[in-house]
Amino acid sequence: MMTTTTTLKTTTISPPSVKSFANTRRKALLLRRRNAQNRNLITTVKAVVSEDKTDDDTTILLPDEVKDLKLRDIISLWITQILQTYGDKPSSDNAPIVEGEIDDLVGGPIFLALYPYFRKYGGVFKLAFGPKVFMVLSDPVVVKEVLKEKPFSFDKGVLAEILEPIMGQGLIPAPYKVWKERRRALVPGFHKAWLDHMVGLFGHCNKELLKNLEVQAKSGAVVDMEERFCSVSLDIIGLAVFNYDFGSVTKESPIISAVYNCLQEAAHRSTFYVPYWDLPLADVLVPRQRKFKQNMTVINDTLNGLIKQAQQMSYTEDLEELQKRDYSKVKDPSLLRFLVDVRGADVTDSQLRDDLMTMLIAGHETTAAVLTWALFCLTQKPELVKKVVQEIDDVMGTDDLNRPPTYEEIEKMELSRFCVAEALRLYPEPPILIRRCLEDVPLPRGAGDRDITLIKGMDVFISVWNLHRSPECWENPDEYDPERFKKPFKNPGVKDWAGYNPDLLTGLYPNEIASDYAFIPFGAGARKCIGDQFATLEATISLVMTLRKFTFNLQKDPNEIGMEMGATIHTAGGLPCTLKLREV
Ligand code: HEM
């Protein structure tokens, strides 16, 4: 079969035209600067190993960039790893091939670099960098086929390999057999009565945040709101999942610094060809690996202690009984308690540990990121903020600005909810989903004009970023416009795509069904996020409570912040704001 090969020059790669990234020259400059920094980042991660030669395992000095590594950094480095290590054989898949230089992608955030290719070559293309090849999917019809119709024709590929040492057999990296069993056990834990109770927990933790922010507002300090949102979402996930109070809104936590260190180690491993850490005694002889082992011990000891405590008081009950519980009378409402108490729960301590660890990591930064982006976008739209605050006041009144909203009140605040959804659309976290083909998968045509087959063994990137910003699927795709979710959108140009239809909304938030797979911030199909409702409610409550009590002023040029947050693999400067107590 014939394939078309097109060579792109380095200079053709530019970030997508995001409205907030208005100044093109400035954009190019910043991108170049950040790319250089990211290259350094990768080099410095390697350089840390040379420090391992010293025997001082307590004084490994990590540069700031490495200390700040977050989930998105790791995903970016994983992609680098795929590019450097994997690739399908040149195949007869019939996809358009785009060729480039590997430097184009590995120097910066991959999800941004893929956007111009998407605009030029369409929703399915194959990116070839020397001998390395992978398929990029950005078409809703094709993505639906992969995520919903054929979820088990794929696994998580290199992502699973790198996450396994941290998450073990947790849902994200678990092989199919374990995944199926654990998914069946975990999903009922997120039942209605529990989620209702969580609304109270979200309110409680955010009240602590408000107290803290009030002090900062009175002192006129510049507050890093990203960091604040990270703390509150960490406190929430700790209490919700294993009834552990990190108290990170008010203090530092040794266990969480251990979690971040372990994530850094995953990133570090993703840049090496030779898995030296698997060698006998590596965890004794190499200080870096010793450190990793120590951190894993801190985390495991804490989690195992909590699991043991939960096991000691077992109150076995039928699933239906548990789901009907009056949570206001339950002392420990955590998911861990649920997993231990449910009748027939034949689960080992190590599996429980893997489940908890996975949810701790998956449910923390993602929520903080959407809140940060929502506030970032809102600070640039004062008229919209007025409208949102008016909605909140209409529903909640203005008597007590510290009072958290109830579930029923959140139901009435459509605009506030759509502010969260719109931040998830513009800045999805993760921006790319990673898969590897377990068998040949012929793709539907969607917007394309060819019959393409994904070949067994091929690495596939589903670009959520591209889908969410596709001009074929969204009007003014780069505009932050939460009210778009009220209006239908259709485009017969995308064959077999039903468009966005607000009449199909079933829950409180837009989803893949109403958008026919053009909006997938939580993935879709069998591997869809199990914490989606939890996270959207949590984020809405946080946003409502902070907007109701404070006005925010961004303390940096939004172009620069947008660039830092969007074009790099992590938010370097956070979201610096000064706050004022709102006057009512
Ligand atoms: C705004 C917040 C969140 C976002 C944007 C998000 C996004 C995602 C996405 C895109 C996936 C699918 C990954 C893929 O298909 O490769 C996923 C999976 C997952 N998420 Fe979330 N998530 C969020 C919050 C949470 C929370 C709060 C929890 C737990 C309490 C959680 C637990 C999980 C788990 C366990 C999986 C794996 C599901 C499976 O493979 O069966 N997430 N998440």
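None of these values were measured; they are calculated from a predicted model.

Sorry, what's going on with the overall build of the protein chain here?
A count of helices and strands for the protein chain gives 23 helices and 12 strands. Considering the protein chain as a whole, with its 584 residues, one finds that 59% of them fall into the buried category.

Looking at this structure, how should I read the UniProt feature "binding site: heme" (unreviewed entry) in the protein chain?
As recorded in UniProt, the feature "binding site: heme" (unreviewed entry) lies at Cys529. Among the structural elements, Cys529 can be located in the loop between α21 (464–468) and α22 (532–549). On the basis of relative accessibility, which here comes to 33%, the residue Cys529 falls in the partly exposed class.

In this structure, what is going on with helix α7 (residues 158–167)? I would like to understand it.
The α-helix winds at 3.6 residues per turn, so residues separated by three or four positions along the chain end up facing the same way. Of all 10 residues in α7, seven are buried, a share of seventy percent or more. Taken together, the buried positions of α7 are occupied by Val158, Leu159, Ala160, Ile162, Leu163, Ile166 and Met167. Where α7 ends, the next residue or the one after it, Gly168, has phi of about 55°, a positive value.

Where do I start with the packing of aromatic side chains in this structure?
For any two aromatic rings, the description comes down to two numbers: the centre-to-centre distance and the angle of the planes. Counted according to the given criterion, the structure contains 24 aromatic pairs. Ring centres 6.1 Å apart and planes at 80° place the aromatic pair Trp474 and Phe485 in the edge-to-face group. Separated by 11 residues along the polypeptide, Trp474 in the loop between α21 and α22 and Phe485 in the loop between α21 and α22 bring together distant segments of the chain. Side by side, Trp474 and Phe485 carry an identical accessibility label, which is buried. Each residue in the set Phe111, Trp373, Phe376, Tyr427 and Trp465 is aromatic and connected to the rest through ring pairs, giving one cluster. The ring of Tyr407 carries Lys192 above its face, with NZ or CZ at 5.3 Å from the centroid.

Looking at this structure, how should I read the site of the ligand?
In the vicinity of the ligand there are 25 residues, among which Trp179, Arg183, Arg435, Arg527 and Cys529 approach most closely. One of the side-chain N or O atoms of Lys156 is found 3.3 Å from an oxygen atom in the ligand. With respect to the ligand, the side chain of Arg527 contributes an N or O atom lying 2.9 Å from an oxygen atom. Elements with a contribution of two residues or more to the shell around the ligand: α8 (176–186), α17 (365–379), β7 (432–437) and α22. In terms of residue class, the shell around the ligand is made up of 14 nonpolar, five polar and six charged.

In this structure, what is going on with the pairing of strand β10 (residues 459–463)? I would like to understand it.
Residues in a regular strand project their side chains so that they alternate between the two faces of the sheet. Across the five residues of β10, five count as buried, placing the element largely inside the fold. Pairing geometry for β7 and β10, over five bridges, is antiparallel. Residue pairing for β10: Arg435 is matched across the bridge by Val460.

I tried to follow the pattern of salt bridges on my own but got confused; where do I start?
Two side chains carrying opposite charge are able to pair once their charged atoms lie near each other. Per the counting criterion, the structure on display carries 32 salt bridges. Between Lys329 and Asp326 there is a salt bridge, and its shortest N-O distance comes to 3.2 Å. Between Asp481 and Lys487 there is a salt bridge whose closest N-O contact spans 3.9 Å. A network of salt bridges, in which partner residues are shared, links Lys387, Glu414, Glu483 and Lys486.

What is the right way to read helix α10 (residues 225–242) from this model?
Its 18 residues give α10 an end-to-end C-alpha distance of 26 Å, which sits within 8% of 26 Å, the value for a rise of 1.5 Å per residue. For α10, the tally of buried residues reaches 17 of 18 residues, placing the bulk of the element in the interior. Two or three places before Glu226, at the start of α10, stands the capping residue Asp224, its side-chain oxygen 3.1 Å from that residue's backbone nitrogen. Just downstream of α10 lies Asn243, where phi reads positive at about 55°.

For this particular structure, what's the right way to read the pairing of strand β12 (residues 576–581)?
Strand direction decides the pairing type here: strand β6 (residues 222–224) and β12, joined by three bridges, are antiparallel. By the bridge assignment, Val222 is partnered in β12 with Thr578.

What counts as what
- Residues numbered from 1 in each chain as written.
- Predicted model: local features only at pLDDT ≥ 70, side-chain atom pairs only at ≥ 80, totals over all residues.
- Heavy atoms only, no water.
- Helix = DSSP H or I, 4+ residues; strand = E, 2+ residues; numbered from the N terminus.
- Buried < 20%, exposed > 50% of the residue type's maximum accessible area, 1.4 Å probe, protein only.
- UniProt positions renumbered as here; feature names shortened; annotations may be inferred.
- Phe/Tyr/Trp six-rings, centres within 6.5 Å; stacked < 30°, edge-to-face > 60°.
- Lys NZ or Arg CZ within 6 Å of the ring centre and 35° of its normal.
- Near = heavy atom within 4 Å.
- Polar contact = N/O pair within 3.5 Å; in protein donor to acceptor, adjacent residues only side chain to side chain.
- Nonpolar A, V, L, I, M, F, W, Y, C, P; charged D, E, K, R; others polar.
- Pairing = 2+ DSSP bridges.
- Salt bridge = Lys/Arg side-chain N within 4 Å of Asp/Glu carboxyl O.
- Expected span 1.5 Å × (residues − 1).

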